[in-house]
Amino acid sequence: MALYAAAAAVLAGVESRQGSLKGLVYASSFQNVKQLYALVCETQRYSAVLDAVITSAGLLRAEKKLRPHLAKVLVYELLLGRGFKGRGGRWKALLDRHQARLKAELARLKVHRGVSRNEDLLEVGSKPGPASQVPRFVRVNTLKTCSEDAIDYFKRQGFSYQGRASSLEDLGALKGKCFLLDSLLPELLVFPAQTDLHEHPLYQAGHLILQDKASCLPAMLLAPPPGSHVIDACAAPGNKTSHLAALLKNQGKIFAFDLDAKRLASMATLLTRAGVSCCELAEQDFLAVSPSDERYRQVQYILLDPSCSGSGMLTRQLEEPGAGVPSKERLRALAAFQQRVLSHALTFPALQRLVYSTCSLCQEENEDVVQAALQQSSGAFRLAPALPSWPHRGISTFPDAGHCLRASPETTLTGGFFIAVFERVEVPSLQVACGPVTSCGTPPLPLLQSDCFNGPSCVGISA
Ligand SMILES: C[S@@+](CC[C@H](N)C(=O)[O-])C[C@H]1O[C@@H](n2cnc3c(N)ncnc32)[C@H](O)[C@@H]1O
């Protein structure tokens with residue numbers, strides 16, 4: 001493996017807590033261990049500087065095929081390291097095209113921070129961590145209002161509306177009383193980091209839900225149409241349940257389960273405030289919910305967001321970098337639970353689509369759990385490519401792992417998150433009809449490259 005690709009792989013492994021830097025360097029197939037170790041160490045040391053330069057130069061937007069970790073390594077080498085010295089191949093040619101802009105952005109950063117040497121950019125206090133740069137995302141609760149009305153309200157309060165974002169850089173550049181509409185979710189408003197809206201009347205009235213963008217993706221990707229039956233298996237405190245209810249327009253049914261009575265109580269308050277009327281809450285172990293129970297006969301959609309280490313949570317990352325790293329035993333126990341609960345969910349007879357999500361960065365709770373569940377389902381389910389244009393993908397530990405998506409402050413300006421979308425492969429129905437894909441029992445997702453497994457015009461109709 002070439003030096004830069006190896007360094008990017010190690011960097012990705014370190015950031016997703018797959019192992020120590022040293023361990024991953026030794027585990028890589030790159031022979032010059034010393035050289036690889038030094039390059040990753042230095043890239044990591046300048047991580048915040050590199051993020052700032054890459055973002056303001058718009059590099060990832062211009063070069064869609066360039067993955068964030070590789071970009072970081074290459075930009076380090078170009079601007080702060082020893083230069084490519086004959087290495088780099090096609091990536092060097094690509095970076096050469098952006099060289100002037102990248103250099104200008106580094107120079108601008110130095111002027112902005114009032115320093116002259118690259119080293120000085122590392123001073124403590126001069127580099128706020130990426131978690132503190134994540135914007136404040138606000139989901140408009142469409143059960144109570146609409147984006148236009150919420151935008152008008154903020155404008156009347158003196159906020160300046162900047163329109164719909166066209167890139168990640170737009171979100172990162174927000175300042176003062178400016179706000180945007182997110183480029184992906186039409187009901188998501190974006191404010192500068194640290195904007196506090198907990199006392200805002202629209203929030204208090206349930207018109208707004210303070211919810212990170214990554215945490216809005218599971219319900220969006222599950223996309224249950226109005227009228228359908230949905231299970232939210234581990235539901236409290238209920239942000240995703242209220243999002244599901246908004247997508248259902250309160251038509252259909254959500255069966256929401258959680259074990260924790262206290263969390264369920266605050267969930268009941270949240271749902272009432274949000275105007276949710278299609279949800280049945282139950283204080284129950286989801287593992288004890290029988291898939292053959294008549295009540296769940298029509299459940300085609302399951303959202304599974306089980307307990308996890310929370311290693312991607314912004315609050316933990318803000319406390320202290322690395323504070324969320326769980327012990328090996330805790331990880332093993334969590335992963336075993338997640339695997340059981342996911343495999344259980346996949347046994348519901350009418351299930352067509354399931355979204356599995358965690359706010360963990362650990363491969364053990366994410367790709368490993370998904371791979372084990374796929375194997376256990378013996379081909380009944382496959383992964384659908386979730387938001388193919390999303391820049392941060394699952395770690396390639398098995399062939400379809402890239403269909404999963406990951407999120408992090410560094411790569412997507414959100415909290416750390418992982419999502420996998422399962423779709424049934426076999427149609428569990430008595431009838432098979434031919435017609436346009438849009439008449440599928442489970443509607444295809446517009447944002448999910450969902451090809452119909454029976455061919456472009458054959459669709460199954462579930463019983
Ligand atoms: C990550 S939180 C869910 C957050 C929620 N989806 C949201 O968006 O607000 C995980 C939840 O799973 C619940 N839980 C853990 N084990 C469970 C089980 N066996 N059955 C049902 N709920 C469970 C926990 O009490 C916790 O509230």
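Just so it is clear, the structure is predicted and the values come from calculations on it, not from any experiment.

Calculation rules
Residues numbered from 1 in each chain as written. Predicted model: local features only at pLDDT ≥ 70, side-chain atom pairs only at ≥ 80, totals over all residues. Heavy atoms only, no water. Phe/Tyr/Trp six-rings, centres within 6.5 Å; stacked < 30°, edge-to-face > 60°. Helix = DSSP H or I, 4+ residues; strand = E, 2+ residues; numbered from the N terminus. Axes fitted to C-alpha atoms, helices over the stretch in contact; angles between N-to-C directions. Parallel < 35°, antiparallel > 145°, perpendicular 65-115°, else oblique. Left-handed = near helix turned anticlockwise from the far one by under 90°. Contact = heavy atoms within 4.5 Å. Nonpolar A, V, L, I, M, F, W, Y, C, P; charged D, E, K, R; others polar. UniProt positions renumbered as here; feature names shortened; annotations may be inferred. Salt bridge = Lys/Arg side-chain N within 4 Å of Asp/Glu carboxyl O. Buried < 20%, exposed > 50% of the residue type's maximum accessible area, 1.4 Å probe, protein only. Near = heavy atom within 4 Å. Polar contact = N/O pair within 3.5 Å; in protein donor to acceptor, adjacent residues only side chain to side chain. Areas by Shrake-Rupley, 256 points an atom, 1.4 Å probe, with all protein chains shown as cover.

What to know about the packing of aromatic side chains
Then step 1. Evaluation of the coordinates by the stated rule reveals 15 aromatic pairs.
Then step 2. Measuring from centroid to centroid gives 5.0 Å for Phe255 and Tyr296, while their planes differ by 85 degrees, and the two rings are edge-to-face. Highlighted residues: Phe255 in strand S7 (residues 253-258) and Tyr296 in the loop between strand S8 (279-283) and strand S9 (299-304), separated in sequence by 41 residues.
Then step 3. Pairing Phe286 with Phe348 gives two aromatic rings, centres 5.8 Å apart and planes at 10 degrees, and the pair type is stacked. One end of the pair, Phe286, is in the loop between S8 and S9; the other, Phe348, is in the loop between helix H15 (328-345) and strand S10 (353-358), and 62 residues separate them in sequence.

Quick notes on the packing of helix H4 (residues 47-57) against helix H7 (residues 89-113)
Then step 1. At a minimum axis separation of 9 Å, H4 and H7 run at an interaxial angle of 125 degrees. What the angle tells us is that H4 and H7 run oblique. In this structure, the crossing between H4 and H7 has a hand that is right-handed. Contact residues: H4 offers Val49, Ala52, Val53, Ser56 and Ala57, while H7 offers Arg101, Leu102, Glu105, Leu106, Arg108 and Leu109.
Then step 2. Considering only residue class, the contact of H4 with H7 consists of 7 nonpolar, 1 polar and 3 charged.

Some points on the UniProt feature "active site" (unreviewed entry) in the chain
Then step 1. Within this numbering scheme, the UniProt entry marks Cys359 as carrying the feature "active site" (unreviewed entry).
Then step 2. Mapping Cys359 onto the fold places it in the loop between S10 and helix H16 (367-376).
Then step 3. When residues no more than four places from it in sequence are discounted, the contact partners of Cys359 are Cys308, Gly310, Ser311, Gly312, Met313, Gly416 and Phe417.

Focus: the pattern of salt bridges
Then step 1. Within the structure shown, the criterion is met by 17 salt bridges.
Then step 2. The salt bridge involving Glu105 is made with Arg108; its shortest N-O contact spans 3.0 Å. Here Glu105 and its partner Arg108 are both found in helix H7, 3 residues apart, which amounts to about one turn of the helix.
Then step 3. When its relative accessible area of 7% is taken as the criterion, Glu105 is described as buried.
Then step 4. Here Glu423 ties to Arg382 by a salt bridge, and the two come within 3.8 Å at their closest N and O atoms. With a gap of 41 residues between them, Glu423 in strand S13 (residues 417-424) and Arg382 in strand S11 (residues 381-384) connect regions that are remote in the sequence.
Then step 5. When its relative accessible area of 7% is taken as the criterion, Glu423 is described as buried.
Then step 6. Judged by its relative accessible area of 24%, Arg382 falls in the partly exposed class.

Comments concerning the site of the ligand
Then step 1. Contacts to the ligand come from 19 residues, most closely from Lys240, Asp258, Arg263, Asp285 and Asp305.
Then step 2. Separating an oxygen atom of the ligand from a backbone N or O atom of Pro237 is a distance of 3.4 Å.
Then step 3. At 2.6 Å, a side-chain N or O of Asp258 approaches an oxygen atom of the ligand.
Then step 4. Here the ligand has 600 Å² of accessible area as a free molecule, and 89% of this is covered by the chains.

Quick notes on helix H12 (residues 239-248)
Then step 1. Counting buried residues in H12 gives 8 out of 10 residues, a clear majority hidden from the surface.
Then step 2. Looking at H12, one finds that the buried residues are Lys240, Thr241, Ser242, His243, Leu244, Ala245, Ala246 and Leu248.

Section: the UniProt feature "binding site: S-adenosyl-L-methionine" (unreviewed entry) in the chain
Then step 1. UniProt records the feature "binding site: S-adenosyl-L-methionine" (unreviewed entry) at Cys234, Ala235, Ala236, Pro237, Gly238, Asn239, Lys240, Asp258, Asp285 and Asp305, using the numbering of this structure.
Then step 2. Examined against the element boundaries, Gly238 turns out to sit in the loop between strand S6 (229-232) and H12.
Then step 3. Residue position: Asp258 is located in strand S7.
Then step 4. When residues no more than four places from it in sequence are discounted, the contact partners of Asp258 are Cys234, Ala235, Ala236, Leu264, Ala282, Glu283 and Gln284.
Then step 5. Among the polar contacts listed, one links the side chain of Asp258 to the backbone nitrogen of Asp260, at a separation of 3.0 Å.

So, unusual backbone geometry
Then step 1. With an omega of 10 degrees, the peptide bond between Ala236 and Pro237 qualifies as cis.
Then step 2. Mapped onto the elements of the fold, Pro237 is located in the loop between S6 and H12.
Then step 3. You will see that Ala223, though not glycine, has its phi angle at about 45 degrees, which is positive.
Then step 4. Non-glycine residue Leu413 carries a positive phi angle of around 55 degrees.
Then step 5. The residue Leu413 is located in the loop between helix H17 (409-412) and S13 in this model.
Then step 6. In this structure Leu413 comes out as buried when scored by relative accessible area, which is 12%.

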